[in-house]
Amino acid sequence: MAKIMAVSNQKGGVGKTTSAVNIAAAFGALGKKTLLIDIDPQGNATSGVGVDRRSAKYSTYDILVNDKKAAECIIQTSFQNLYVIPSSLDLAAAELEIVDKDKREAILKNAILPIKSEFDYIVIDCPPSLNLVTVNALTCTDTVLIPIQCEYYALEGLAQLMNTIRRVKRTYNPYLDVEGVILTMYDGRLLLTQQVANEVKKYFPRKVYSTPIPRGVRISEAPSYGKPVIYYDKSSKGAQAYMELSKEILKKERA
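Residues numbered from 1 in each chain as written. Predicted model: local features only at pLDDT ≥ 70, side-chain atom pairs only at ≥ 80, totals over all residues. Heavy atoms only, no water.

Chemist: Give me the state of the cysteines: which residues, what numbers.
Modeler: The final tally for this structure, using the stated rule, is zero disulfides. Of all cysteine sulfurs, the one in Cys126 lies closest to Cys140, which takes part in no disulfide; the gap is 9.5 Å. (Disulfide = S-S within 2.5 Å.)

Chemist: Help me get a handle on the packing of aromatic side chains, residues and values and all.
Modeler: Under the counting rule described, the total for this entry stands at six aromatic pairs. Between the aromatic rings of Tyr83 and Phe119, the centroid separation amounts to 5.7 Å while the plane-to-plane angle is 75 degrees, which identifies the pairing as edge-to-face. Here the residue Tyr83 occupies a position in strand 4 (residues 82–85), and Phe119 occupies one in the loop between helix 5 (107–112) and strand 5 (121–125), the gap between them amounting to 36 residues. Across this residue pair, the class does not change: Tyr83 and Phe119 are buried. When the centroid spacing of 4.9 Å and the interplanar angle of 80 degrees are considered together, the rings of Tyr152 and Tyr153 count as edge-to-face. Of the residues examined, Tyr152 reaches a relative accessible area of 64% and is grouped as exposed. (Phe/Tyr/Trp six-rings, centres within 6.5 Å; stacked < 30°, edge-to-face > 60°. Helix = DSSP H or I, 4+ residues; strand = E, 2+ residues; numbered from the N terminus. Buried < 20%, exposed > 50% of the residue type's maximum accessible area, 1.4 Å probe, protein only.)

Chemist: An account of a nonpolar patch on the surface is requested, with residue identities and associated values reported.
Modeler: Together, Tyr152, Tyr153, Leu190 and Leu192 make up an exposed nonpolar region whose accessible area comes to about 460 Å². With respect to the helices and strands, Tyr152 occurs in the loop between strand 6 (143–149) and helix 7 (158–171). (Patch = residues over 30% accessible without salt bridge, like charges linked within 9 Å, V, L, I, M, F, W, Y side chains within 5 Å. Areas by Shrake-Rupley, 256 points an atom, 1.4 Å probe, with all protein chains shown as cover. Salt bridge = Lys/Arg side-chain N within 4 Å of Asp/Glu carboxyl O.)

Chemist: Which residues make up the pairing of strand 6, and what are the values?
Modeler: With respect to burial, strand 6 is a largely interior element, seven of its seven residues being buried. Residues of strand 6 alternate between two faces, with Thr143, Leu145, Pro147 and Gln149 on one and Val144, Ile146 and Ile148 on the opposite face, all of them buried. The pairing of strand 1 (residues 3–7) with strand 6 spans three bridges and is parallel. Each bridged residue has a counterpart across the sheet, and for Val7 the counterpart in strand 6 is Leu145. Where strand 6 lies against strand 7 (residues 177–184), seven bridges are found, and the strand directions are parallel. Each bridged residue has a counterpart across the sheet, and for Leu145 the counterpart in strand 7 is Gly180. On the question of chirality, the crossover connecting strand 6 to the parallel strand 7 by way of helix 7 is right-handed. (Pairing = 2+ DSSP bridges. Right-handed = clockwise from strand over helix to strand, strands pointing away.)

The following block contains the structure:
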């Protein structure tokens, strides 16, 4: 039965989608059959694994709005053990279209249930907002991965995210927990980076992964080629960091 992890932070530009794509790809490369679910209307996770969402027959929008079965929406990528349910621009309006549905917060959860046994891991890339679509992801998921950039406003908005997680846990998903916190855009040479990292560790004691993700040209370039960085340039620092981070996540799972 798949472990489901949602990658979420309503603050934009923190490496959320980059982390979702590369962790999912690394899980696949490490022998875990992995499904990446893109519920961000921007669709960058979809294009980041080489899938053109305009040519996709169905998307997460069809699951949420049109009651489409998840199994019909899955696309096999060209990368090892990696599958994706693509996003759609229509997702931007999905919240308005599902607001009157019965058990609207559990639509994704109920759709994913029949396919959970087919995968080892399911990684959900959430939109950078705390709307009803994100609540669907948090209701569906087992845990949340939170990427935080090592910059001045790193902790901005985190209280709101944690309040949402607690509210979903209390109301819809009693088993919901924070899987871990990923430090992104890390530059150990900068005093600010060290200060932010220390603040994040105070905010999330024992939850911050020891493998940070550095800034890197290869990480930035890879999406334009439709590839996770571990396939675009596996020798780059970014690729190595995501592989080490993913091993750390899996090791924690076994502990």
